[in-house]
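So the chains spell out like this:
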Protein chains: 2
Amino acid sequence: MLPFARVTIIGLGLIGSSIARAVRQAMPTVRLTGHDFDPAVRTTADTLQLCDDITDTAGAAVIDADLVILCVPVGAMGAAAAGFAADLPADAIVSDVGSCKAEVARALAEALPGATIIPAHPVAGTERSGPEAGFASLFHKRWCILTPAEGADPIAVERLAEFWRRLGADIELMAPDHHDRVLAVTSHLPHLIAYTIVGTASDLEEVTQSEVIKYSAGGFRDFTRIAASDPTMWRDVFLSNREAVLDMLQRFSEDLTALQRAIRLGKGEELFDHFERTRAIRRGIIEQGQDDPAPDFGRSHD
Amino acid sequence: MLPFARVTIIGLGLIGSSIARAVRQAMPTVRLTGHDFDPAVRTTADTLQLCDDITDTAGAAVIDADLVILCVPVGAMGAAAAGFAADLPADAIVSDVGSCKAEVARALAEALPGATIIPAHPVAGTERSGPEAGFASLFHKRWCILTPAEGADPIAVERLAEFWRRLGADIELMAPDHHDRVLAVTSHLPHLIAYTIVGTASDLEEVTQSEVIKYSAGGFRDFTRIAASDPTMWRDVFLSNREAVLDMLQRFSEDLTALQRAIRLGKGEELFDHFERTRAIRRGIIEQGQDDPAPDFGRSHD
């Protein structure tokens, strides 16, 4: 028994198009409808046959849906939901894939009063954007965090959980505020740091951009991957999850200052002790299947 | 015509053992001798048959060498060189693979007065350590930077360059101080930042280590790879290249403060503009073959 028979995806970028492909593969009888605000993306989605129907308006996309998933930048969630509010069937479940949950939940509740809203966040992605970048296995063995409001219908939560399980994801339930603090450290702060260091390296005068590129295999190239992520998506994340990001950033800066001081004072033992203990986290990530066990992320070395 | 007939490797970890394997593959008639200060590493190197001979002392390893390569942490270079100074043939070339060049050049010149020293730095590696971690293709299409002192014998430089070309590397010549500033940004600062953020994430009270691991696919896991690198090697790098690292760190901190301020004040346009321009560097790295062109470093999704 399928959790949903008619699924609508609003926003057909990396995540939306990956959901479409994964649904096709895992639940081929589901009727898939898609919409994107960008006509060019709709045309591409049509050409790629991502969905059974690509509609020109968000309202037309949701009119007979039993699940609507918003896959737009978090700052656009409220407006996107308002765009189909009048056409949403009363028994439809609305979800999203946004990287921040507290503010998105507020925006969706405001735009869709009375609707059944179960926010979600599949912790998966690549640095690519757009409908061509998606692929069906993106969510395999990744965590999908559901953040239902207190008192949310448990049957609706379970249907959405089952939907994501069929796409290959593992499910966790979390309060929205806690989600936002956890993701501030495991996702938002890393992106901010990566964007910063890539900017710093680009702006040096005595070291040319060409040198930065040539010798990037010393470590820098790792940071350029996530700093190549979608700028709109990430601008919205930092604005939406401002408090948690600023708090984590404060802690990071304090720790960086401590290491800076250890370098300045030549405190080798303090540096060694710090570098020694960070290995354990990598081991945990590998053991739990959250990264490639091969060295160097399994990059090809010829 | 081989650039060298008898090559000695002092230090048989990731880099030393990769050189041994690469020499075996590219120049099978070279007589390879190895030594490591750690008896357990010597035993492993023997078992793996990395070299024709593994000697118990550094002196015995160099006695008939025409190239000696030091592959030990940069802080141990001087002592390692002093350990074989009395046995070094007058016509041997001494080189190293250290990540900092100015201080290593000074340490080697002091330990080996009158010797022909051509420092080098192959910009390649993985997060693994030890003799089992090496592999022959590690240097393929990576840059090897030679930092000969002013007035160094050009024939010796060219022989060493040819040696590295045969291991698959491209060659660049650079002044030691400039090398140290370039690598401070493309390698040392990224490692320091990665070590810091992994430490910050481990120390949070409200977000458990288990949560950090579970949701690391949001970006954090990328940082854990280089933060799993050898602690001794990296302690020495930061102490040896202190000035350049502290200077780059200062610039990074200023840039981070600017982004922090943009987030606090809700300046979306400023964030967007910054995130937009960091994509170009990634493209350059891919175009120049310095990273895997596949999304997500080519990590397996499935």
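None of these values were measured; they are calculated from a predicted model. (Residues numbered from 1 in each chain as written. Chains lettered and ligands numbered in written order. Predicted model: local features only at pLDDT ≥ 70, side-chain atom pairs only at ≥ 80, totals over all residues. Heavy atoms only, no water.)

### A word on the packing of aromatic side chains
Then, in step 1: With the rule as written, the count across this model stands at 16 aromatic pairs over all chains.
Then, in step 2: With 6.2 Å between their ring centres and 75° between their planes, Trp143(A) and Tyr215(B) make a pair best called edge-to-face. With one member in each of two chains, Trp143(A) in strand 8 (residues 143-146) and Tyr215(B) in the loop between helix 8 (209-214) and helix 9 (220-226) form a pair that bridges those chains. Grouping residues by exposure puts Trp143(A) and Tyr215(B) together as buried. (Phe/Tyr/Trp six-rings, centres within 6.5 Å; stacked < 30°, edge-to-face > 60°. Helix = DSSP H or I, 4+ residues; strand = E, 2+ residues; numbered from the N terminus. Buried < 20%, exposed > 50% of the residue type's maximum accessible area, 1.4 Å probe, protein only.)

### Here we look at the environment of Ala169(B)
Residues and elements named next belong to chain B.
Then, in step 1: Along the chain, the position of Ala169 falls in the loop between helix 6 (154-166) and strand 9 (170-173).
Then, in step 2: On the accessibility criterion, Ala169 (6% relative accessible area) is buried.
Then, in step 3: Note: C-alpha distance between Ala169 and His274 (105 residues apart in sequence) is 34 Å.
Then, in step 4: Residues contacting Ala169, with those up to four places away along its chain left out, are Phe139, Arg142, Cys144 and Trp164. (Contact = heavy atoms within 4.5 Å.)

### Comments concerning the sheet that holds strand 2 (residues 31-35) of chain B
Residue and element names in this part refer to chain B.
Then, in step 1: Spatially, the six strands line up as an open sheet ordered 3-2-1-4-5-6, and their pairing is parallel. With one partner strand each, in any of the chains shown, strand 3 (53-54) and strand 6 (116-117) form the two edges of the open sheet.
Then, in step 2: Note: strand 4 (residues 67-70) against strand 5 (residues 93-96), four bridges, orientation parallel. By the bridge assignment for strand 5, Ile69 is matched with Ser95. (Pairing = 2+ DSSP bridges.)

### Notes on the interface of chain A and chain B
Then, in step 1: With 110 residues of chain A in contact, the opposing surface of chain B contributes 111 residues.
Then, in step 2: On the surface where chain A and chain B come into contact, there are 16 salt bridges.
Then, in step 3: Notably, a salt bridge pairs Asp203(A) with Arg277(B), separated by 3.2 Å at the nearest N-O pair.
Then, in step 4: Counting across the chain A and chain B interface gives 42 residue pairs in polar contact (both at pLDDT 80 or more).
Then, in step 5: Elements represented by at least two residues in the side of chain A that touches chain B include exactly strand 8, helix 7 (176-203), helix 8 (209-214), helix 9 (220-226), helix 10 (231-240), helix 11 (242-264), helix 12 (268-277) and helix 13 (279-287) of chain A.
Then, in step 6: A total of 21 residues in the side of chain A that touches chain B trace back to one element, the largest contributor, which is helix 7 of chain A. (Salt bridge = Lys/Arg side-chain N within 4 Å of Asp/Glu carboxyl O. Polar contact = N/O pair within 3.5 Å; in protein donor to acceptor, adjacent residues only side chain to side chain.)

These results come straight from atomic positions and should not be treated as a statement about function.
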